[in-house]
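What follows is the residue order along each chain.
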Amino acid sequence: MKADVFIAGGGVGGLALAAKLASRGVHVVIAEQLKRESPVYKGELLQPKTLAILERLGVLDEVEENGHVIDQLRFQEVHRNRGITPEEINLTELSYSRVASIYDHALMVPHEKTKEILRNKGKEFEEFFHYLPGSRFMGFEKGMAKVKRKKETLYVHAQVYIGAEGRSSPTRDAMNVHVKRKDYNHHFLTVTIPRPESFTKGKIITTSSCFLGLFPLPDNEVRTVFLIKAGEYKKIQEKGLESLYQAYSELEPELSEGVRTIEDWKTVQLMIPFTYHVDRYYSGNLAILGDAAHTVHPMAGEGMNLAIQDADVLGELLAWCKEEGKNYTDHLHYYEDVRRPRVEFLLNLSHLSALVYSFQYEWWRKFRMKAVQRIYDDDQLHVKQMLNISGLGKWDFTLVDRAVQGSMLPLRQNRVSDQKQRQYLFSEVEDYPWKRNEKGRIS
């Protein structure tokens, strides 16, 4: 087989890339190992920058129809009382509306639905979109991609090879990049359960020793994320499902019935958070995106979004090269130039968010509660936090910001204007710098 671009992996990142390329007349072959939907939990929270990208792909309306709007991030601190309703001691609500953008919310969408929508979009351009399910990418042989499909071995000759395989990436191995990994002192249990129709707002509920994240999905379901100490999953299983029912019910009584629909530990997935970031995103005519290049702590809900945002920049670059008759490999550095610093920034932001919930001490909980509340009370902190996690821009936190958040300096009373924060939103030139011509304009 011959193609302009070969993509190993048909997850959201690979499919977003393929759909964009096919829509621009770039011949693409996608090898996806799975034949059917995966039961394994993957990201479901689509951040505002991702929604903007999906709109340009022409699929946002369908994504919105299949999603549940998250317009706030709610942080609730409680005292857990055995057998009775928890006592709320603080509630902080951070809002996406503080970002000066028409994309003023995030969206919870079932992962497989997002993949289906992207795959169907690619199929609209059947002349250029060649999707191979049940095909395992085996690596490279004689400068071609080797793909095993049923009992047949296929070879794909392409001008560019993209690794979107996830954490285990033969493309990354072929590039011989350096990977630095960071582990954490906690794990998560995640499972989707029914929710009351009135339970529409997502929130994170915490005590000094417990953490329960709740993110509503369509069809009256809710994705739950329960923090446990690293290595304690077997002990929790030994206590039986009743202990899980009790923990959920005591933290959020509204879910006391829904949690009892969990009938087997097999439906509960253990998530082991860790992070890594490669030192290079491309080598020759090879490039990687998404989890092949970086893995982020799930606390800030960025993993899937980073993959789609990688795909947007890389797809725009490769499509431009095709349209302008430019050599692909001569311009791949632009992809790394744009994406690597942004990913590094969000990796650090997610890491700090993870540390906030990593220590089970009452004094740490008091510090955390005050720090989160001051993000809301100080508008500059509020805007920066929401702007950064939205993916729409980047506005660094300063030492003064952190001193305000840590109560070492007083709260600032001024409200950040839309005009000021627009300076920190990513422009088209920043997203796609290779398009700038000699006069500094977008070509």
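Our subject is the structure that appears above.
The following refers to the structure shown. In this text, all values refer to a predicted model and were calculated from it rather than measured experimentally.

Once that is clear, we can look at the pattern of salt bridges. Using the criterion set out here, one finds 28 salt bridges in the structure. Note that Arg-80 and Glu-250 form a salt bridge whose closest N and O atoms lie 2.6 Å from each other. Pair noted here: Arg-80 is in the loop between β5 (72-79) and β6 (87-95) and Glu-250 is in helix α7 (residues 241-251), with a separation of 170 residues, a long-range link. With a shortest N-O distance of 3.3 Å, Glu-362 and Arg-365 are connected by a salt bridge. Note that Glu-362 and Arg-365 are positioned in helix α11 (residues 362-377) at a spacing of three residues, about one turn of the helix.

This next bit is on the side chain of Asn-388. You can see Asn-388 is positioned in helix α12 (residues 379-390). For Asn-388, a relative accessible area of 1% translates into the label buried. Residues contacting Asn-388, with those up to four places away along its chain left out, are Phe-345, Leu-346, Leu-349, Gly-393, Lys-394, Trp-395 and Phe-397.

This brings us to the packing of aromatic side chains. Enumeration over the complete set of coordinates arrives at 18 aromatic pairs. Here the aromatic rings of Phe-6 and Phe-137 are separated by 5.5 Å at their centres, their planes lie at 50°, and the arrangement is tilted. Placement of the pair is Phe-6 in strand β1 (residues 2-8) and Phe-137 in strand β9 (residues 135-141), with a sequence separation of 131 residues. Taken individually, Phe-6 and Phe-137 each receive the classification buried, so the pair is uniform in this respect. An aromatic cluster is defined as three or more aromatic residues linked by ring pairs; in this entry it consists of Phe-359, Tyr-361, Trp-363, Trp-364 and Phe-367. Of note, Arg-181 hangs over the ring of Phe-274, and the distance from its end group to the ring centre comes to 3.7 Å. For the cation-ring pair, Arg-402 lies above Phe-397, with the distance from its terminal atom to the ring centre recorded as 4.1 Å.

Here we take up the nonpolar core. Formed by 110 residues in total, the largest nonpolar core has its most connected members in Val-5, Phe-6, Ile-7, Val-28, Leu-46, Ile-162 and Leu-318. Element by element, the count of residues in this core is highest for helix α8 (residues 303-324), at 11 residues. Ignoring sequence-local partners within four residues, the contact set of Val-5 consists of Leu-21, Val-26, His-27, Val-28, Val-29, Ala-158, Val-160, Ile-162 and Leu-318. Counting 25 residues, the second-largest nonpolar core is a separate cluster that includes Ile-205, Tyr-233, Ile-236 and Leu-241.

Quick notes on the rules
Residues numbered from 1 in each chain as written. Predicted model: local features only at pLDDT ≥ 70, side-chain atom pairs only at ≥ 80, totals over all residues. Heavy atoms only, no water. Salt bridge = Lys/Arg side-chain N within 4 Å of Asp/Glu carboxyl O. Helix = DSSP H or I, 4+ residues; strand = E, 2+ residues; numbered from the N terminus. Buried < 20%, exposed > 50% of the residue type's maximum accessible area, 1.4 Å probe, protein only. Contact = heavy atoms within 4.5 Å. Phe/Tyr/Trp six-rings, centres within 6.5 Å; stacked < 30°, edge-to-face > 60°. Lys NZ or Arg CZ within 6 Å of the ring centre and 35° of its normal. Core = buried A, V, L, I, M, F, W, Y, C linked by side-chain atoms within 4.5 Å.

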